[in-house]
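# Coordinate analysis (summary)
The chain contents come next:
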Amino acid sequence: MMKRSLSLVCFVMALVAYPGAHAQQQPNAYAISSAHELATQAGVTIFEQGGNAYDAAVAVSAALAVVEPASSGIGGGGFWMLQSHDDALSVMVDGREVAPAAAHRDMYLDDEGNVDRDLATNGGLAAGIPGAPAAWVHIAEKYGTLPLSVLLQPAIDLAANGFPADEKYVTLLAMREEVMNRWPETAEIFMPEGNVPSVGDIIVQADLANTLRTLAERGHDGFYTGEIAQRLVDGTRAAGGIWTMEDLANYSVKERDPITTEYRGYELISAAPPSSGGITIAQILNLIEPYELSELTRVERTHLLAEAMRRAYRDRALYLGDTDFVDVPMDVLLSKAYAAGMRTSLRLDQATPSSMLANDPDVRPEGNNTTHFSLIDDEGNMVSATLTVNLLYGAAYVPPGTGVLLNNEMDDFSAKPGAPNAFGLVGFEANAIEPYKRMLSSMSPTIVRSPQRVAVIGTPGGSRIITMVLLGLLDFIDGNGPQSWVSLPRFHHQYLPDEISIEPDSMSAAEIEALEALGHTVTERDRTWGNMHGVMWDLMSNELEAAHDPRWPSGGAVVVPVTD
Ligand code: GLY
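It should be emphasised that the depicted structure is a prediction, and the values quoted were computed from it without experimental measurement.

Basis of the calculations
Residues numbered from 1 in each chain as written. Predicted model: local features only at pLDDT ≥ 70, side-chain atom pairs only at ≥ 80, totals over all residues. Heavy atoms only, no water. Helix = DSSP H or I, 4+ residues; strand = E, 2+ residues; numbered from the N terminus. Rg over C-alpha atoms; globule rule 2.2 N^0.38 Å. Buried < 20%, exposed > 50% of the residue type's maximum accessible area, 1.4 Å probe, protein only. Contact = heavy atoms within 4.5 Å. Areas by Shrake-Rupley, 256 points an atom, 1.4 Å probe, with all protein chains shown as cover. Core = buried A, V, L, I, M, F, W, Y, C linked by side-chain atoms within 4.5 Å. Salt bridge = Lys/Arg side-chain N within 4 Å of Asp/Glu carboxyl O. Expected span 1.5 Å × (residues − 1). Axes fitted to C-alpha atoms, helices over the stretch in contact; angles between N-to-C directions. Parallel < 35°, antiparallel > 145°, perpendicular 65-115°, else oblique. Left-handed = near helix turned anticlockwise from the far one by under 90°. Nonpolar A, V, L, I, M, F, W, Y, C, P; charged D, E, K, R; others polar. Pairing = 2+ DSSP bridges. Near = heavy atom within 4 Å. 1 Å grid on protein atoms, 1.4 Å probe; cavity = no way out; pocket = protein on both sides within 12 Å on 5 of 7 lines; lining within 4 Å. Sits in = over half its atoms within 2 Å of the grid points. pLDDT = per-residue confidence, 0-100.

Let us look at the overall build of the protein chain. Within the protein chain, the secondary structure is distributed over 20 helices and 18 strands. Computed over C-alpha atoms, the radius of gyration of the protein chain comes to 23 Å, within 12% of the 24 Å expected from 2.2 N^0.38 for 564 residues, which places it in the range of a compact globule. Its C-alpha atoms give the protein chain principal-axis dimensions of about 80 × 65 × 45 Å. Expressed as a percentage of the 564 residues in the protein chain, the buried residues total 61%. Put simply, of all contacts in the protein chain between residues at least 6 apart along the chain, 73% involve residues at least 24 apart. Surface summary for the protein chain: the accessible area is close to 20,300 Å², and the carbon and sulfur share equals 52%.

Okay, structure coming up:
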């Protein structure tokens, strides 16, 4: 009798725990959230033509490259997390930029051995070999169902016919006004008569439309060999760069196994190296796992998370880099035992100064650059993608006749091991510059799931990406939907500088005082950060939800039912 009752209980528990987790389950709708409604519309157009999530991801990526050039582009790179509901596909397509062959570890140091920040962030020498176009072609050919020419058509139309500049485009361009005027070929496209355009002005990018058409017709080779490649090399070298035709011809995307971990019944699927995102998020989750977050006050929770962030970001600086070049002790860093060891120094009544671990270098400003989109198709295929040209409008340089605004991703390497980059992140030997190496990234396209719910989540925001995604996914785990994740007030600790930075007006004076009493320095920034895009699939109700960050109203989030 006892035995029968127990098996009945187990059966009922199984029903409660796994009510809708059948691999055949499909949402019968699709959802997209991206940073620009025209990019979201590009994805809708592809779904309407029968494309799947991976097709739509190519179309959204290419459209973002046109309408949000501050954040990503054909001259940049990114990580595309592709995941099917039944796990038949779970891969990170790594379209990260690589250092050109002539790159070397001291290339940005001046005669005194200091990092020349202008050289590292502006013009031809700042650019890595782009990975975005190779990734679009790879995803379309391997995982898509529609021709590349169809997937790129919305972006080609937006580039050829133009799109209206919005508040965000104009605001971010104004922040790079001086450098965007340095090169006539850049200014001609983005700075008519040397001025930042007004909201509503139509931005046409005719050369970019032609480059996209060539890519659509010739695939990978259309960008990485032939006439476009020659123009990219000639232009980059004329602007102080070191690219060669071989550098472009040698570029290839990599497929990586995502970083996965379990946290309190949820599965995290996130970005693998050369991103630091997945490992750092997993380490933080491992560190905080034994604590009942719901029982902590807001101050206690902020303190605990900041202490976990501090420790994980320290490991990021010490150990993480491109695993094709350096041995990253991933198994150790991801192990629960390692987290348990690290937890022994973590106190709930006192902050641990980062200076006990290393010297404190300069503080540097941070940006809202990079972009992210999340989407799910009607069969439950998911894409979480974070794309970048690094700082706003990348290197601010367009090789003549290409329309390709180059990234300044080389600044994500440690230009001088131990010195901070533009995000104030210190880096050590693992991330030193080497030919053909991929620079360490914070981009963290992520999927989190339980048998009941799935979240597709990510955001731009430099070194703060990791902590934003962490806060968002904890909110998902707390039971909230995407509108809540993307709207949450944000705080961040990255080991060095040793401070908790918070968004304006996001904490009371009493909360700040309480954190200071624990030994923290709390710095209230004058601007918010991030631009999060989330999609959720509730497996119990089979409903989708999508939300974009209220901080940037130009985002587009849609859920569209599909009926046969
Ligand atoms: N360039 C920003 C990142 O890759 O994290």
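Still more to cover.
Counting 92 residues, the largest nonpolar core has W80, L82, W136, F373 and Y393 as the members making the most contacts within it. Ranked by residues supplied to this core, first place goes to helix 3 (residues 53-67) with 13 residues. Sequence-distant contacts of F373, defined by excluding residues within four places in its chain, comprise S33, S34, A57, V60, S61, L64, W80, V383, S384, A385, L387 and H533. Counting residues in each nonpolar core, the second largest holds 82 residues, with V299, L320, L470 and V486 among its members.

Bringing the pattern of salt bridges into the picture now. A side chain with one charge may pair with a side chain of the opposite charge, provided their charged atoms come close. The final tally for this structure, using the stated rule, is 31 salt bridges. Between R256 and D324 there is a salt bridge, with the nearest N and O atoms lying 3.1 Å from each other. With a gap of 68 residues between them, R256 in strand 6 (residues 254-256) and D324 in the loop between helix 15 (298-319) and helix 16 (330-334) connect regions that are remote in the sequence. According to the relative accessible area criterion, D324 is partly exposed, its value standing at 40%. Counted as one network, the salt bridges with shared partners bring together D94, K254, R256, D324 and R438.

On to the environment of A102. Residue position: A102 is located in the loop between strand 3 (90-95) and helix 4 (117-121). When the C-alpha atoms of A102 and D505 are compared, they prove to be 47 Å apart, with 403 residues separating the residues in sequence.

Because an α-helix completes one turn every 3.6 residues, residues spaced three or four positions apart along the sequence face the same direction. The end-to-end C-alpha distance of helix 5 (residues 132-143), which contains 12 residues, comes to 16 Å, matching closely the 16 Å that a straight helix rising 1.5 Å per residue would cover. Taken across its 12 residues, helix 5 has 10 buried, putting it largely inside the fold.

Helix-helix packing is characterised by the crossing angle of the two axes and by the distance between the axes. Helix 5 packs onto helix 3 with a crossing angle of 160 degrees between their chain directions and a minimal axis gap of 9 Å. Taken together, the axes of helix 3 and helix 5 lie roughly antiparallel to each other. Considering only the axes of helix 3 and helix 5, their crossing is left-handed. Counted together, Y54, V58, S61, A62 and A65 of helix 3 and W136, I139, A140 and Y143 of helix 5 form the full contact between these two elements. Of the residues in the contact of helix 3 with helix 5, the class split is 8 nonpolar, 1 polar and no charged.

Further remarks concern the sheet that holds strand 2 (residues 77-83). The 7 strands are arranged 6-3-2-10-9-1-18 in an open sheet whose pairing can be described as antiparallel. The open sheet has two edge strands, strand 6 and strand 18 (556-561), and neither has a second partner. Averaged over all pairs of adjacent strands, the angle between strand axes in this sheet comes to 10 degrees, irrespective of strand direction. Pairing of strand 2 with strand 3 involves 6 bridges; the strand directions are antiparallel. Its bridge partner lying in strand 3, F79 is registered against D94. On top of the sheet, helix 2 (residues 37-48) reaches strand 1 (29-34), strand 9 (371-376) and strand 18; it is set at about 155 degrees to strand 1, its chief contact. Contacts from helix 3 reach strand 1, strand 2, strand 9 and strand 10 (382-388) within the one sheet, and its direction differs from that of strand 9 by about 155 degrees.

As a further point, take the packing of helix 15 against helix 20 (residues 509-517). One way to put it is that helix 15 packs onto helix 20 with a least axis distance of 10 Å and a crossing angle of 45 degrees. Here helix 15 lies oblique to helix 20, going by the angle between them. For helix 15 against helix 20, the interelement crossing comes out right-handed. In this structure, helix 15 contributes R298, V299, T302 and H303 to the contact, and helix 20 contributes E511, A514 and L515.

Around the ligand sit R96, T388, N390, E409, D412, S441, S442 and M443, and that is every residue in its neighbourhood. For the ligand, the accessible surface in isolation is 200 Å², of which the surrounding protein chains cover 99%. Assessed atom by atom at 2 Å from the grid points, the ligand resides in the largest cavity. The class makeup of the residues in the shell around the ligand is 1 nonpolar, 4 polar and 3 charged.

With respect to burial, strand 1 is a largely interior element, 6 of its 6 residues being buried. Burial along strand 1 is two-sided: the face carrying A29, A31 and S33 and the face carrying Y30, I32 and S34 are both buried. Looking at chain direction, strand 1 and strand 9 are connected through 3 bridges and run antiparallel. Its bridge partner lying in strand 9, S33 is registered against S374.

This part is about the environment of A29. Secondary-structure assignment places A29 in strand 1. Sequence separation of A29 and S441 is 412 residues, and the distance between their C-alpha atoms is 33 Å. Once residues within four sequence positions are removed from consideration, A29 is found in contact with I376, D377, D378, L544, V559, V560, P561 and V562.

For the protein chain, the mean per-residue pLDDT works out to 93, and 93% of the residues sit at or above 70. Low pLDDT, under 50, characterises residues 1-22; the stretch is placed with 11 contacts to residues that sit more than four places away or in other chains. Note that pLDDT drops below 50 for residues 359-366; the model gives that stretch 22 contacts with residues more than four away or on any other chain.

This next bit is on unusual backbone geometry. Note the cis peptide between P273 and P274, where omega equals 20 degrees. Of the consecutive residues L496 and P497, the connecting peptide bond is found in the cis state with omega at -5 degrees. Unusually for a residue other than glycine, E193 sits at a positive phi of about 55 degrees. Among the structural elements, E193 can be located in the loop between helix 9 (184-190) and strand 5 (202-203). The exposure class of E193 is exposed, given its relative accessible area of 80%. One non-glycine residue with positive phi stands out, namely Y393, at about 55 degrees. Inspection of the secondary structure assignment puts Y393 in the loop between strand 10 and strand 11 (446-449).

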